[in-house]
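This is what each chain is made of:
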Amino acid sequence: MEVKLWNDKREREMYENFAELYAIIKATEKLEKAYIRDIISSSDYEMECQKLIAHFKTLASTLKDIVPSIERFADTYKMDCPAAINRLVTSGVPATVEHRAASAATGTTSAAIVAECVQNFITAMDSLKLNMVAVDQVYPVLSDLSASLNKLSILTADFEGKIKMKEWILRLSKMGASDELTEQQARQLHFDLESSYNSFMAALPSDGT
């Protein structure tokens, strides 16, 4: 006898999201263990970890009313994944980013500020992917990113990310709150964010330096 897990389309979508969340947590746990055991290179780990964190944050935001606690979700489904919970919920950035931030922790540079910058970059790029292109949606996200970048003493005044975010904020300030970016503008902003993020990661001191 066939047993249905859902009664309608909404329930089916909820269980599919649960399955995806479960898979992300399990995959992150395995990735963390692989990195700790030196089975995967730092660059490959960081790239895959950033993807998992970005997917997790988007999905967690979608499920926030149904799954208010990721820790409780993990307990409910008997998931023994402490490393994944730490990486996805507590830290929010790859271990490699934390290590670089720690080695650069001088003056106003700290792991917390670097983590804040990374999170703001990911939030901005994810927002565009979710088609959040109204000025009153984009402006505060870019303002937060710009503010966090300005906290880092290792970034010079002519750092690409600072200049581009300042230009975009100025452009948005001349538009109405309900105005929306065109498809071309949204695509250019996403490109500028990716380019700035790559420059930001490159600007962080390497491990051990």
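J.: Explain the layout of surface pockets to me, and be specific about the residues and the numbers.
T.: In this model, the largest pocket occupies a volume close to 470 Å³. Lining the largest pocket are 18 residues, and of these Q50, K51, A54, M125 and K129 sit closest to its centre. Those elements that provide at least two residues to the lining of the largest pocket are α2 (42–62), α6 (111–129) and α9 (183–203). Of all the elements, α2 adds the most residues to the lining of the largest pocket, at eight residues. Looking at the lining of the largest pocket, its residues break down into seven nonpolar, five polar and six charged. As a volume, the second largest pocket reaches approximately 210 Å³.

J.: If you had to explain helix α1 (residues 9–36) to someone new, which residues and values would you point to?
T.: For α1, spanning 28 residues, the distance from its first C-alpha to its last is 41 Å, which sits close to the expected 40 Å at 1.5 Å a residue. Among all positions of α1, only N17, F18, L21, I24, I25, T28, E29, L31, E32, A34 and Y35 are buried. Directly beyond the C-terminal end of α1, a positive phi value near 60 degrees is found at D38.

J.: Summarise empty space enclosed by the protein; cite the residues concerned and give the values.
T.: In this structure the tally under the stated criterion is one cavity of 30 Å³ or more. As for the largest cavity, its lining consists of A124, S127, L128, M132, V138, V141, L142, L189 and L193. Every element with two or more residues in the lining of the largest cavity is listed here: α6, α7 (135–150) and α9. Looking at the lining of the largest cavity residue by residue, the classes come out as eight nonpolar, one polar and no charged.

J.: Quick rundown of the nonpolar core? Include the residues and the values.
T.: The biggest cluster of nonpolar side chains holds 35 residues, and the ones touching the most others in it are V118, L142, L149, L193 and F200. Breaking this core down by element, the ones donating at least two residues are α6, α7, α8 (160–173) and α9. In terms of residue count, α6 provides more of this core than any other element does, ten residues in total. When sequence neighbours within four positions are dropped, the list of residues in contact with F200 reads V114, C117, V118, F121, L149, L152, L155 and F159. With 26 residues, the next largest nonpolar core counts L21, L31, I70 and M79 among its residues.

J.: Hey, could you go over the environment of L181 for me, with residue numbers and the actual values?
T.: As for its placement among the helices and strands, L181 is situated in the loop between α8 and α9. Residue classification places L181 among the buried positions, given a relative accessible area of 7%. Distance in space between the C-alpha atoms of L181 and M165 is 15 Å, their sequence separation being 16 residues. Discounting residues that sit within four places of it in the chain, L181 has contacts with V133, V138, W168, L172, A186 and L189.

J.: How would you summarise unusual backbone geometry if you had to cite specific residues and measurements?
T.: Although it is not a glycine, D38 adopts a positive phi angle of roughly 60 degrees. Here D38 is to be found in the loop between α1 and α2. In the Ramachandran plot, K78 falls in the positive-phi region, its phi being about 50 degrees despite a non-glycine side chain. Its location among the elements puts K78 in the loop between α3 (70–76) and α4 (82–91).

Definitions and cut-offs
- Residues numbered from 1 in each chain as written.
- Predicted model: local features only at pLDDT ≥ 70, side-chain atom pairs only at ≥ 80, totals over all residues.
- Heavy atoms only, no water.
- 1 Å grid on protein atoms, 1.4 Å probe; cavity = no way out; pocket = protein on both sides within 12 Å on 5 of 7 lines; lining within 4 Å.
- Points joined across faces, edges and corners; volume = space filled by probe spheres on them.
- Helix = DSSP H or I, 4+ residues; strand = E, 2+ residues; numbered from the N terminus.
- Nonpolar A, V, L, I, M, F, W, Y, C, P; charged D, E, K, R; others polar.
- Expected span 1.5 Å × (residues − 1).
- Buried < 20%, exposed > 50% of the residue type's maximum accessible area, 1.4 Å probe, protein only.
- Core = buried A, V, L, I, M, F, W, Y, C linked by side-chain atoms within 4.5 Å.
- Contact = heavy atoms within 4.5 Å.

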